[in-house]
Amino acid sequence: MSESDYYSYLRQIHELYGDEIFVTFPETMQTYSLSDFENEINACEKCSLGKTRTKFVFGVGNPQSPIVFVGEAPGKDEDLQGEPFVGRAGKLLDKIFAAINLSREDVYICNVLKCRPPQNRDPLPSEIELCEPYLLRQLEIIQPGLIVALGRIAAHTLLKIKDRMMDMRKQTYIYHGIPMKVTYHPSALLRNPSFKKPAWEDFKEILAVYNQILSERSTNG
Ligand code: SF4
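Just so we're clear, the structure is a prediction, and the values are computed from it rather than from any experiment. All residue numbers refer to positions counted from 1 along the written sequence of the respective chain. With the structure being a predicted model, the display of local features is reserved for residues of pLDDT at least 70 and the display and counting of side-chain atom pairs for 80 or more, all residues being used for whole-chain, interface and lining totals. Hydrogens and water are ignored here; the side-chain numbers use all heavy atoms of the structure.

Comments concerning the packing of helix H3 (residues 34-41) against helix H7 (residues 125-142)
And step 1. Taken N-terminus to C-terminus, the directions of H3 and H7 make an angle of 160°; their axes are 10 Å apart at the nearest point. Taken together, the axes of H3 and H7 are roughly antiparallel relative to one another. Between H3 and H7 lies a crossing whose hand is right-handed. Facing Leu34, Phe37 and Ile41 of H3, the residues of H7 in contact are Tyr134, Arg137, Gln138, Ile141 and Ile142.
And step 2. Grouping the constituent residues of the contact of H3 with H7 by class yields six nonpolar, one polar and one charged. What counts as an axis is a line fitted to C-alpha atoms, over the stretch in contact for a helix, and the angles between N-to-C directions run from 0 to 180 degrees. Helical segments are the DSSP runs of H or I of at least four residues, strand segments are the runs of E of at least two, and each set is numbered from the N terminus. Roughly parallel covers angles under 35 degrees, roughly antiparallel covers those over 145, roughly perpendicular covers 65 to 115, and oblique covers all other angles. Here a crossing is called left-handed whenever its near helix is offset anticlockwise from the far helix by less than a right angle, and right-handed whenever the offset is clockwise. Any two residues whose heavy atoms approach within 4.5 Å are treated as being in contact. In the scheme used here, Gly and all other residues not listed as nonpolar or charged are polar, with Ala, Val, Leu, Ile, Met, Phe, Trp, Tyr, Cys and Pro taken as nonpolar and Asp, Glu, Lys and Arg as charged.

Focus on the sheet that holds strand E1 (residues 60-61)
And step 1. Read from one edge of the open sheet, six strands run E1-E3-E2-E4-E6-E5, paired in mixed fashion. Each having just a single partner strand, E1 and strand E5 (173-175) make up the two edges of the open sheet.
And step 2. For two strands to be treated as a pair, DSSP must find no fewer than two bridges joining them. Note: strand E2 (residues 67-71) against strand E3 (residues 108-111), four bridges, orientation parallel. Following the sheet pairing, Val70 is matched in E3 by Cys110.

Looking at the site of the ligand
And step 1. Near residues are defined by distance, with any heavy atom within 4 Å of the molecule or strand qualifying the residue. Inspection of the region around the ligand gives Cys44, Glu45, Lys46, Cys47, Gly50, Arg53, Phe56, Lys114, Cys115, Cys131 and Tyr134 as its neighbouring residues.
And step 2. A breakdown of the residues in the shell around the ligand according to their chemical character gives six nonpolar, one polar and four charged.

What to know about the packing of aromatic side chains
And step 1. Classification of ring pairs rests on two measures: the distance between centres of Phe, Tyr or Trp rings, Trp counted by its six-membered ring, which must be within 6.5 Å, and the angle between planes, read as stacked under 30 degrees, edge-to-face over 60 and tilted in between. Under the defined criterion, the tally for this structure stands at eight aromatic pairs.
And step 2. Taking 6.3 Å as the distance between ring centres and 20° as the angle between the ring planes, the aromatic pair formed by Phe56 and Phe58 counts as stacked. The exposure classification of Phe56 matches that of Phe58, with both residues buried.
And step 3. With a centroid separation of 6.0 Å and an interplanar angle of 5°, the aromatic rings of Phe69 and Phe203 are classed as stacked. On the criterion of sequence distance, the pair formed by Phe69 in strand E2 and Phe203 in helix H11 (residues 196-219) is long-range, its members being 134 residues apart. Burial classes follow relative accessibility: with a 1.4 Å probe on protein chains only, a residue under 20% of its type's maximum area counts as buried, one over 50% as exposed, and anything between as partly exposed.

A word on the pairing of E3
And step 1. With burial as the criterion, each face of E3 is covered, one bearing Tyr108 and Cys110 and the other bearing Ile109 and Asn111.
And step 2. Pairing geometry for E1 and E3, over two bridges, is antiparallel. Looking at the pairing, Gly61 lines up with Tyr108 of E3.

What about the environment of Asp94?
And step 1. Its location among the elements puts Asp94 in helix H6 (residues 87-99).
And step 2. Through-space distance from the C-alpha of Asp94 to that of Pro186 is 9.8 Å; in sequence the pair is 92 residues apart.

A short note on the nonpolar core
And step 1. Core analysis: the biggest nonpolar cluster contains 56 residues, and Phe69, Met180, Val182 and Phe203 have the highest contact counts within it.
And step 2. Ignoring anything within four residues of it in the chain, the contact list for Phe203 reads Phe69, Leu93, Ile96, Phe97, Ile100, Leu150 and Thr183. Put simply, a nonpolar core is a bunch of buried Ala, Val, Leu, Ile, Met, Phe, Trp, Tyr and Cys residues held in one set by side-chain atoms that sit within 4.5 Å of each other.

Here it is as structure tokens:
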């Protein structure tokens, strides 16, 4: 809207409502965005990982994505770059997305922990307890229709179970009210190429759900 259009709009509003003008704020001023949240927590030191990390790894992708992919924690490359799923495993994940005609910009990717555990050890229960509320807040803002846990540890961490990957990937779980699927971490696919076939089946199913959620959202406006 040009400046003259804006003043003409204000004059019309004044004629209609007199001095009692109701202002509608732009949407960006009304909503609390993912980047607002990132700015709020990116200096977190609630657990000891805040002191050993190089970079805080919040998440990347589309803040309105129908699907959120969740790994366990940043690794060495992620810690250096401040972005989840970079390095060899991340490149493979990008290739899998490309094979189903998606990209990082179509989905949202993050981890349960936002800081790297030293030597890539598994997250400690105390770290999960402190950091998981951040993931829940991210999900509350994004409101995805599906969560995909990438890897056994991420699934065990989120679901508080110890089932085998081959069993978990056949199930649809509910995580804080959101449907959740489980598939292999791309690092596992690099270590064991025989997992690629079942992972490909999982991603075809994930794409079908992605398209279904988009279609439902466009129908519901
Ligand atoms: S891992 Fe989570 S809780 Fe621990 S310092 Fe990092 S952001 Fe904070």
